[in-house]
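Each chain, written out:
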Amino acid sequence: MAVICFNSKLIHTSTHPQSFSCNPSRSNFNDETSALLKTIRGKRGKRTSTSSFVVLSTHSNPRILKPNLRSPYGQSLSPYDSDDDGEEEDDDISEDESDEEFGEDDESEEDSKSLYWEKQSKPRQGNRGKPKTLWEQRSSFNGVSIKGTNSRMDVRIGKRSTEEASFEDYDSNRLEEMGSVDASVKRKKKTGNSTASRFSQLSEELDLDEKWIPLLDYLTTFGLKESHFIQIYERHMPFLQINVASAKERLEFLLSVGVKHRDIKKILLRQPQILGYTVEKNMKSHVAFLTDLGVPDARIGRIITAAPSLFSYSVEQSLKPTARYLVEEVGIKRNDLGKVVQLSPQILVQRIDNTWNTRFSFLSKELGAPRECIVKMVKKHPQLLHYSIEDGILPRINFLRSIGMRNSEIVKVLTSLTQVLSLSLEDNLRPKYLYLVNELRNEVKSLTKYPTYLSLSLDQRIRPRHRFLVSLKKAPKGPFPLSSFVPTDESFCQQWGTSMDSYMAFKQNLLLKEFANKYQRKG
């Protein structure tokens with residue numbers, strides 16, 4: 001008795017000692033095969049993925065074999081060949097009978113697939129390069145092919161068996177899944193590579209998260225680069241966690257109130273926290289506060305650009321008390337607050353009480369300046385409250401003293417032109433003073449009458465106008481009038497009776513000569 005198990009594409013045989021073995025020299029192979037083929041042909045045309053068992057006798061009736069069947073090589077396959085036709089025997093096997101004989105067992109389709117893959121994973125050895133024996137060659141029986149190798153037989157019905165078709169479908173689906181997964185991995189890898197290539201420096205410095213990419217891409221539209229992102233991250237680490245939609249809403253609001261597109265980069269570098277400020281609860285209330293101070297709508301964008309940290313201060317607890325202090329303690333009129341804030345927006349975000357008290361005390365003691373003069377200084381140039389006393393204010397006062405000014409004259413100059421305290425000593429104040437006394441033949445006391453002279457450009461205005469009048473022989477023989485430097489170029493030409501074109505041509509040539517001289521000196 002032989003038990004043949006149909007599982008997927010394989011037939012596993014377990015034989016009785018008196019049963020046949022998978023050896024082509026044994027005649028009882030044909031008995032077993034005949035019964036096997038008879039059973040299979042009854043199942044032809046019905047696909048199933050289940051495993052089945054067939055119990056065959058070693059003395060099977062030879063009539064169930066189809067007659068006159070030979071191999072492609074002309075060799076007889078069984079000693080039981082006869083002229084009787086077995087087609088009626090085949091037709092007698094109905095699908096119902098076949099279902100009973102090939103009953104389903106408990107093994108599932110997944111188990112069959114597992115068995116197939118297990119079989120496929122085993123290495124094949126000893127077959128490559130060896131000629132096939134007769135037993136390893138295929139024989140055809142009306143579309144049924146039998147292949148036996150050692151302990152297994154491969155039975156294929158027609159062009160492809162039921163189990164083979166099932167596993168081919170499985171292979172196809174499996175390959176599609178693997179291809180889909182592989183494509184997904186490739187896409188992710190490609191995305192990662194693309195991100196790494198676009199933000200390579202940032203990836204090296206930070207553990208770059210893919211979730212940050214939309215925000216980074218959006219911010220690059222404002223001119224920000226990888227080095228800028230690193231700076232921003234060092235100043236404010238949470239900025240990368242901000243949702244890109246929220247960032248767009250906040251930056252678009254800034255643009256709507258007058259901030260220029262090119263200034264967004266500057267704002268983010270100075271105050272990256274601004275991306276976290278909400279529009280409704282924060283930004284709108286601060287803009288409304290500036291409007292209440294008297295700042296025109298056209299200037300609000302410039303104030304935000306100059307002092308973006310404004311949004312980090314509470315309107316009620318910080319900004320309004322500062323404005324109130326400027327009015328009540330410093331003495332600035334309420335109507336002038338808007339002008340003061342436009343000149344120096346930083347005045348709203350500093351400790352105004354400390355800065356005012358220290359500078360008021362210094363100017364009062366050092367120069368004997370009265371309070372109203374100091375208030376005028378602050379009103380005209382509120383940046384005074386930001387300047388360092390030791391490194392900024394005192395050195396310039398000492399310079400004015402060194403050229404012969406008394407304290408009262410210094411107070412007069414500073415009250416009229418407080419920005420003198422912001423000018424460079426070596427590159428601005430000293431060269432203008434030397435040109436005043438050596439070329440223009442003026443005295444220092446003239447500066448008290450025309451302190452504006454110190455704020456004008458020596459290269460662009462003072463020297464060209466003086467040299468032009470000298471070339472026309474229209475310059476006064478005595479001290480050159482400083483009033484000639486104050487009006488515009490057009491007014492200057494009208495005042496001295498010359499054309500604008502001739503003056504501009506002279507000025508251009510003079511600038512080129514001076515540039516050439518400076519270049520030669522540096523060389």
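In case you missed it, the structure is sitting above this.
On a predicted model such as this, the values are computed, not experimentally measured, just so you know.

Draft legend 1. Representation of the nonpolar core in the model. Of all hydrophobic cores here, the largest spans 104 residues; its most connected members are Leu 219, Leu 254 and Tyr 453. Apart from the residues within four sequence positions on either side, Tyr 453 is in contact with Lys 432, Tyr 435, Leu 436, Leu 440, Leu 447, Ile 462, Leu 482 and Phe 485.

Draft legend 2. Representation of helix α9 (residues 244-256) within the structure. With 13 residues, α9 extends 18 Å between its outermost C-alpha atoms, agreeing within 8% with the 18 Å of an ideal straight helix rising 1.5 Å per residue. Buried within α9 we find Ala 247, Arg 250, Leu 251, Phe 253 and Leu 254. Mapping the buried residues of α9 onto a view down its axis gives an arc of 150°, with all of them on the same face. Buried-residue contacts for α9 involve α7 (213-220), α10 (263-270), α11 (279-293) and α12 (297-306). Put simply, Asn 243 is the residue that caps the front of α9, since its side-chain oxygen is 2.7 Å from the backbone nitrogen of Ala 245. Phi turns positive, to about 115°, at Gly 258, one or two residues after α9.

Draft legend 3. Broad picture of the packing of α9 against α11. Following both chains from N to C, one finds α9 and α11 inclined at 15°, their axes separated by 11 Å at the closest point. One finds that α9 runs roughly parallel with respect to α11. Where α9 crosses over α11, the two elements pack in a sense that is right-handed. Facing Glu 249, Arg 250, Phe 253 and Leu 254 of α9, the residues of α11 in contact are Val 279, Met 283, Lys 284 and Val 287. Residue composition of the contact of α9 with α11, grouped by class: five nonpolar, no polar and three charged.

Draft legend 4. Highlighting unusual backbone geometry. Here Arg 441, not a glycine, exhibits a phi torsion of approximately 55°, which is positive. In this fold, Arg 441 is placed in the loop between α19 (425-438) and α20 (446-449).

Each value, and the rule that gives it
- Residues numbered from 1 in each chain as written.
- Predicted model: local features only at pLDDT ≥ 70, side-chain atom pairs only at ≥ 80, totals over all residues.
- Heavy atoms only, no water.
- Core = buried A, V, L, I, M, F, W, Y, C linked by side-chain atoms within 4.5 Å.
- Buried < 20%, exposed > 50% of the residue type's maximum accessible area, 1.4 Å probe, protein only.
- Contact = heavy atoms within 4.5 Å.
- Helix = DSSP H or I, 4+ residues; strand = E, 2+ residues; numbered from the N terminus.
- Expected span 1.5 Å × (residues − 1).
- Arc of directions from axis to C-beta.
- Polar contact = N/O pair within 3.5 Å; in protein donor to acceptor, adjacent residues only side chain to side chain.
- Axes fitted to C-alpha atoms, helices over the stretch in contact; angles between N-to-C directions.
- Parallel < 35°, antiparallel > 145°, perpendicular 65-115°, else oblique.
- Left-handed = near helix turned anticlockwise from the far one by under 90°.
- Nonpolar A, V, L, I, M, F, W, Y, C, P; charged D, E, K, R; others polar.

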